[in-house]
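Residue strings, one per chain:
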Amino acid sequence: MGDFSGIWRKKLSALALLLGAATVLTPGDALSADTVAGKALALQWCASCHLVSNDQSSASSVSLPSFFDMSKDPSWTAEKLATFLANPHPQMPDMTLGNIEITNLAAYIQSLNSN
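Calculation criteria
- Residues numbered from 1 in each chain as written.
- Predicted model: local features only at pLDDT ≥ 70, side-chain atom pairs only at ≥ 80, totals over all residues.
- Heavy atoms only, no water.
- Salt bridge = Lys/Arg side-chain N within 4 Å of Asp/Glu carboxyl O.
- Helix = DSSP H or I, 4+ residues; strand = E, 2+ residues; numbered from the N terminus.
- Buried < 20%, exposed > 50% of the residue type's maximum accessible area, 1.4 Å probe, protein only.
- Phe/Tyr/Trp six-rings, centres within 6.5 Å; stacked < 30°, edge-to-face > 60°.
- Lys NZ or Arg CZ within 6 Å of the ring centre and 35° of its normal.
- 1 Å grid on protein atoms, 1.4 Å probe; cavity = no way out; pocket = protein on both sides within 12 Å on 5 of 7 lines; lining within 4 Å.
- Points joined across faces, edges and corners; volume = space filled by probe spheres on them.
- pLDDT = per-residue confidence, 0-100.
- Contact = heavy atoms within 4.5 Å.
- Axes fitted to C-alpha atoms, helices over the stretch in contact; angles between N-to-C directions.
- Parallel < 35°, antiparallel > 145°, perpendicular 65-115°, else oblique.
- Nonpolar A, V, L, I, M, F, W, Y, C, P; charged D, E, K, R; others polar.
- Polar contact = N/O pair within 3.5 Å; in protein donor to acceptor, adjacent residues only side chain to side chain.
- Core = buried A, V, L, I, M, F, W, Y, C linked by side-chain atoms within 4.5 Å.
- Expected span 1.5 Å × (residues − 1).

A. Looking closely at the pattern of salt bridges. What the rule picks out here adds up to 1 salt bridge. The partner of Asp55 in a salt bridge is Lys39, and the shortest N-O contact between them spans 3.2 Å. Separated by 16 residues along the polypeptide, Asp55 in the loop between helix 3 (35-46) and helix 4 (67-72) and Lys39 in helix 3 bring together distant segments of the chain. Residue classification places Lys39 among the partly exposed residues on the basis of a relative accessible area of 25%.

B. Quick look at the packing of aromatic side chains. A full pass over the atoms with the stated rule returns 1 aromatic pair. Aromatic pair Trp76 and Phe84: ring centres 5.6 Å apart, planes at 85°, arrangement edge-to-face. Stacked on the ring of Trp76, the Lys or Arg Lys80 has its end atom at 4.5 Å from the ring centre.

C. Seen up close, the layout of surface pockets. Of the volumes computed, that of the largest pocket is approximately 370 Å³. Listing elements by their share of the lining of the largest pocket, those giving two or more residues are helix 3, helix 4 and helix 5 (78-86). In terms of residues, the lining of the largest pocket owes the most to one element, helix 5, which gives 3 residues.

D. Representation of the confidence of the model for the chain within the structure. When pLDDT is averaged across the chain, the result is 76; 71% of the residues are at 70 or more. Model confidence for the chain, summarised as mean pLDDT per element, is weakest for helix 1 (residues 2-22) at 50 and strongest for helix 4 at 93. Low pLDDT (under 50) marks residues 15-19, which in the prediction has 3 contacts with non-local residues, meaning those over four places away or in another chain. Overall, residues 21-29 carries pLDDT values under 50, and its contacts beyond four positions in sequence, including any with other chains, amount to 15 contacts.

E. Here's a closer look at the packing of helix 3 against helix 6 (residues 99-111). Put simply, helix 3 and helix 6 touch, their axes get as near as 7 Å, and they point 95° apart. Compared by their axis directions, helix 3 and helix 6 come out roughly perpendicular. On helix 6, the residues that touch Thr35, Ala37, Gly38, Lys39, Leu41, Ala42 and Cys46 of helix 3 are Glu101, Asn104, Leu105, Ala107, Tyr108 and Ser111. A per-class count over the contact of helix 3 with helix 6 returns 7 nonpolar, 4 polar and 2 charged.

F. Spatial organisation of the side chain of Ser71. Following the sequence through the fold, Ser71 ends up in helix 4. Take Ser71: its relative accessible area is 7%, and that puts it in the buried class. Of note is the side chain of Ser71, whose polar atom sits 3.3 Å from the backbone nitrogen of Asn113. Here Ser71 is in contact with Ile109, Gln110, Leu112 and Asn113, once residues within four sequence places are set aside.

G. Representation of the nonpolar core within the structure. Phe67 and Leu105 are the most contacted members of the largest nonpolar core, which totals 21 residues. If you list the elements that add at least two residues to this core, you get helix 3, helix 4, helix 5 and helix 6. Every residue in contact with Phe67, bar those within four places of it in the chain, is listed here: Ala42, Cys46, His50, Leu51, Val52, Leu105, Tyr108, Ile109 and Leu112.

H. Helix 6, seen in detail. Compared with an ideal rise of 1.5 Å per residue, which puts 13 residues at 18 Å, helix 6 spans 18 Å between its outermost C-alpha atoms and is within 8% of the ideal. Taken together, the buried positions of helix 6 are occupied by Ile102, Thr103, Asn104, Leu105, Ala106, Ala107, Tyr108 and Ile109.

Right, here's the structure in full:
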C-alpha cells in the first residue's frame, strides 16, 4: 500500500506542476515578461550546455538544441517551454525556478525568434 500511495503522491505532484506551469504565461504576463532577466538566467543556468546568446563564448554540447533553434521551432510554444522549465529533465541542473523566472526565461527564448 505504501508504494501505491507513493505513486499517487508523485502523480499529484506532477499534476500540480503542470497546472502551475499552465498558468505561468498569460497574454498579459507575456507582455510584462523581463527578457533581460530571462537572458541572465539563461547565461547562469543553461549556457554551460546550450548556446543561449550571440555573445556567449562557448557551449559544452553541440548535440543539444540552441535557444535560437528552440525559438524558431513552432512546437516550442511559451506554454510548452514553461511546462518544461517547471519540471526539468534529470540531465538538467535543479534550478528550482519560480513562476516569474520561468516566465522570463521562456519569454527570452521566444524573443530570439525575432532577432
